[in-house]
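This is what each chain is made of:
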Amino acid sequence: MEGRPAAEDREYMRKEFLVYGSPAIGEEEIAEVLDTIRSGWLGTGPKTERLEREFAAYLNVKHCAAVSSCTAALHLAMLAAGIKQGDEVIVPAMTFCSTANAVVHAGATPVFADIELPGMTIDPADVKRKITKKTKAILPVHFYGRPADMAALRACARRHRLVLIGDAAHAIETHYHGKTAGQLCDITCFSFYITKNMTTVEGGMVATGRKEWADRIKILALHGMSKDAWARYSDKGYRHYEVVSAGFKNNMTDLLASFGLHQLRRLEQNLARREAIWQAYSRGLAGLPLILPADPAPDTRHARHIYAVRVARGAPLDRDELMDELYKRNIGTGVHYTALHLHKFYRENFGYKKGDFPNAESVGKTTLSLPLSPKLTNKDVQDVIDAVKESLLS
Ligand SMILES: Cc1ncc(COP(=O)(O)O)c(C=O)c1O
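Quick caveat, the model's predicted, so the values are computed rather than measured. Numbering of residues starts from 1 in every chain and runs along the sequence as written. Predicted model: local features are reported for residues with pLDDT of at least 70 only, side-chain atom pairs are reported and counted for 80 or more only, and whole-chain, interface and lining totals are derived from all residues. Remark: hydrogens and water are excluded; side-chain values derive from all non-hydrogen atoms of the structure.

Chemist: What exactly am I supposed to notice about the overall build of the chain here?
Modeler: Scanning the chain from N- to C-terminus turns up 14 helices and 13 strands. Here the C-alpha atoms of the chain give a radius of gyration of 22 Å, agreeing with the 21 Å that 2.2 N^0.38 yields for 394 residues. For the chain, the spread of C-alpha atoms along the principal axes amounts to about 75 × 55 × 40 Å. Counting only contacts in the chain whose residues sit at least 6 apart along the sequence, the fraction spanning at least 24 positions is 72%. When the accessible surface of the chain is summed, it comes to about 17,200 Å², and 52% of that surface belongs to carbon and sulfur atoms. Of the side-chain charges in the chain, 52 are positive and 46 negative, and the distance between the mean point of each set is 6 Å. Only DSSP runs of H or I covering at least 4 residues are called helices, and only runs of E covering at least 2 are called strands; the numbering of each starts at the N terminus. With the radius of gyration taken over C-alpha atoms, the globule rule is written as 2.2 Å times the number of residues to the power 0.38. We call two residues in contact whenever any of their non-hydrogen atoms come within 4.5 Å of each other. Surface accessibility follows the Shrake-Rupley procedure with a 1.4 Å probe radius. Residue values consider only the protein chains on display as shielding. Neither His nor the chain ends contribute to the count of charged residues, in which Lys and Arg are positive and Asp and Glu negative. Charged side chains are reduced to one point each, which is NZ for Lys, CZ for Arg, CG for Asp and CD for Glu.

See below:
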């Protein structure tokens, strides 16, 4: 921009690039991974089972099934819930593509609904408008860690006999009206991708109160075999198996579960650190031409997964220009997300077009995520604030 000094000419400049979404991995994870390698059993086995039990205890749910990603979790959750070709599943237009892709993987049709502002979760009033005879499920996303309006969605699901499938990829620590993220829907899916609140590098989990669904997912996640590899090869001796469906290869491994066991133990401590960073950002960025994240709704806990600002109308830079300025100042940022209906695949296959979901579009054009990881030092956080201020005010 004219009149703006080149970043490299200024005195202040971070020396190291601050990577967006860098995970905090401790010595315990490293020791556990080594222990797994030395044990001789790296695949799906006792550590995966332990992670399922401990994650279920954390969420206070009856059953958990560990899988290879949240995308796989969503796909298999839909199959377990009986979603099939010809069915419609209502999905927010503002989410990561895999929420909607998983519906397509199940053979069903994703039907978008707009989001509410300023909370950015699926708008129950628009969900109601999108219900047809073919609708089988609603798929709320607890967006950035903020729970969806579950009271309204549950009432709607009950009235129309719909299944609630939760996308809690951002929301492991989220609470809503005294319930954990695993207790809000009939079945809920979590992500352990590298940037998530806890990571197994790649991985995911399904949580449900229904044993038959959890059992079915475990079978579908491993070729449709009636016994997993640990059950076949463990020290109990070889056991025969039978293929009961044409399953997939979506199993979690003990090597990756080794990360998760210790990440899980540090969840609350890491949330407290992200909460402090969140407050520091909100204090430090107040008064700038930005829309800051909305406060959590009463009687809820926000999992503080993504701190995203929206560039306000009339700001001297648009979102992409602000990203470029921050990049020049060695600050990595992200965009979560472009509204789904604007992507080629959904336009061409489902007939969506610009203007269909105004709130999702407006967020998609203006949103910018700042680094938020327990690994950030106070100096990192101040650097981000200074860089945003400098970009917008100079
Ligand atoms: C809202 C949402 N749903 C689903 C996913 C998919 O997670 P995974 O990468 O574990 O498949 C993500 C990942 O970023 C996400 O943000």
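Chemist: Would you explain unusual backbone geometry in this entry?
Modeler: Trans peptide bonds make up most of the peptide bonds, and negative phi angles are found at most residues other than glycine. Each neighbour pair has its own omega, and for Leu 117 with Pro 118 the value is 10°, a cis peptide bond. In this structure, Tyr 337 follows His 336 across a cis peptide bond, with omega equal to 10°. For Asn 60, which is not glycine, the phi dihedral falls at a positive 60°. Among the structural elements, Asn 60 can be located in the loop between α2 (46-59) and β1 (63-67). To sort residues, take the accessible area from a 1.4 Å probe on protein chains only and compare it with the maximum for the residue type: under 20% means buried, over 50% means exposed, and anything in between is partly exposed. In this structure Asn 60 comes out as exposed when scored by relative accessible area, which is 56%. Look at Arg 304: it is not a glycine, yet its phi comes out positive at around 50°. For Arg 304, the position within the fold is in the loop between β11 (300-301) and β12 (307-311).

Chemist: Any chance you could explain the sheet that holds strand β7 (residues 179-180) here in plain terms?
Modeler: Pairing between the strands of a sheet is mediated by backbone hydrogen bonds and can be parallel or antiparallel. A pair of strands is labelled paired if DSSP reports no fewer than 2 bridges between them. The antiparallel open sheet is built from three strands, whose spatial order is β7-β6-β11. Only two strands of the sheet have a single partner each, and these edge strands are β7 and β11. With two bridges joining them, strand β6 (residues 175-176) and β7 adopt antiparallel strand pairing. The residue of β7 that forms the bridge with His 175 is Thr 180.

Chemist: Can you help me understand the confidence of the model for the chain in this one?
Modeler: Detailed reading of predicted coordinates is not advised where the pLDDT is low. The pLDDT value tells you how sure the predictor is about a given residue, anywhere from 0 up to 100. Per-residue pLDDT for the chain averages 95, and the proportion of residues at 70 or more is 96%. Note that residues 1-5 has pLDDT below 50 and, in this model, eight contacts with residues that lie over four places away or in other chains.

Chemist: How should the pairing of strand β3 (residues 109-113) be read in this particular structure?
Modeler: Burial analysis of β3 places four of its five residues in the buried class, the great majority of the element. Inspection of the sheet shows strand β2 (residues 88-92) paired to β3 by five bridges, in the parallel sense. Across the sheet, Val 91 pairs through a bridge with Phe 112, a residue of β3. Crossovers are marked right-handed if the path from the first strand over the helix to the second runs clockwise, as seen with the strands pointing away from the viewer. Each parallel crossover has a hand, and the one from β2 via helix α4 (residues 97-105) to β3 is right-handed.

Chemist: Honestly, the side chain of Arg 310 in this entry has me stumped. Any pointers?
Modeler: Here Arg 310 lies in strand β12. Whenever Lys or Arg places a side-chain nitrogen within 4 Å of a carboxyl oxygen from Asp or Glu, that contact is recorded as a salt bridge. Within the buried set, Arg 310 has no salt-bridge partner at all; the shortest N-O distance to an opposite charge, 10 Å, is to Asp 114. Discounting residues that sit within four places of it in the chain, Arg 310 has contacts with Leu 117, Met 120, Pro 289, Leu 290, Ile 291, Ser 362, Val 363, Thr 366 and Thr 367.

Chemist: Help me understand a nonpolar patch on the surface, please; the structure alone is not making it clear to me.
Modeler: On the surface, a nonpolar cluster with roughly 390 Å² of combined accessible area is contributed by Ile 25, Ile 30, Leu 34, Ile 37 and Leu 42. A relative accessible area of 37% places Ile 25 in the partly exposed class. Every patch collects residues that have over 30% relative accessible area and no salt bridge, joining them within 9 Å if they carry like charges and within 5 Å if they are nonpolar side chains (Val, Leu, Ile, Met, Phe, Trp, Tyr).

Chemist: Quick question: what am I supposed to make of the packing of aromatic side chains here?
Modeler: For any two aromatic rings, the description comes down to two numbers: the centre-to-centre distance and the angle of the planes. Ring pairs shown here join Phe, Tyr and Trp side chains whose ring centres sit within 6.5 Å, with only the six-membered ring taken for Trp; geometry is labelled stacked below 30 degrees between planes, edge-to-face above 60, and tilted in between. Inspection of every chain in the model, using the stated rule, returns 14 aromatic pairs. Seen in terms of ring centroids, Phe 112 and Tyr 346 are 5.6 Å apart; in terms of plane orientation they differ by 70°. Their pairing is edge-to-face. Residue Phe 112 is located in strand β3, and its partner Tyr 346 is located in helix α12 (residues 344-350); the two are separated by 234 residues in the primary sequence. Each of the two residues, Phe 112 as well as Tyr 346, counts as buried.

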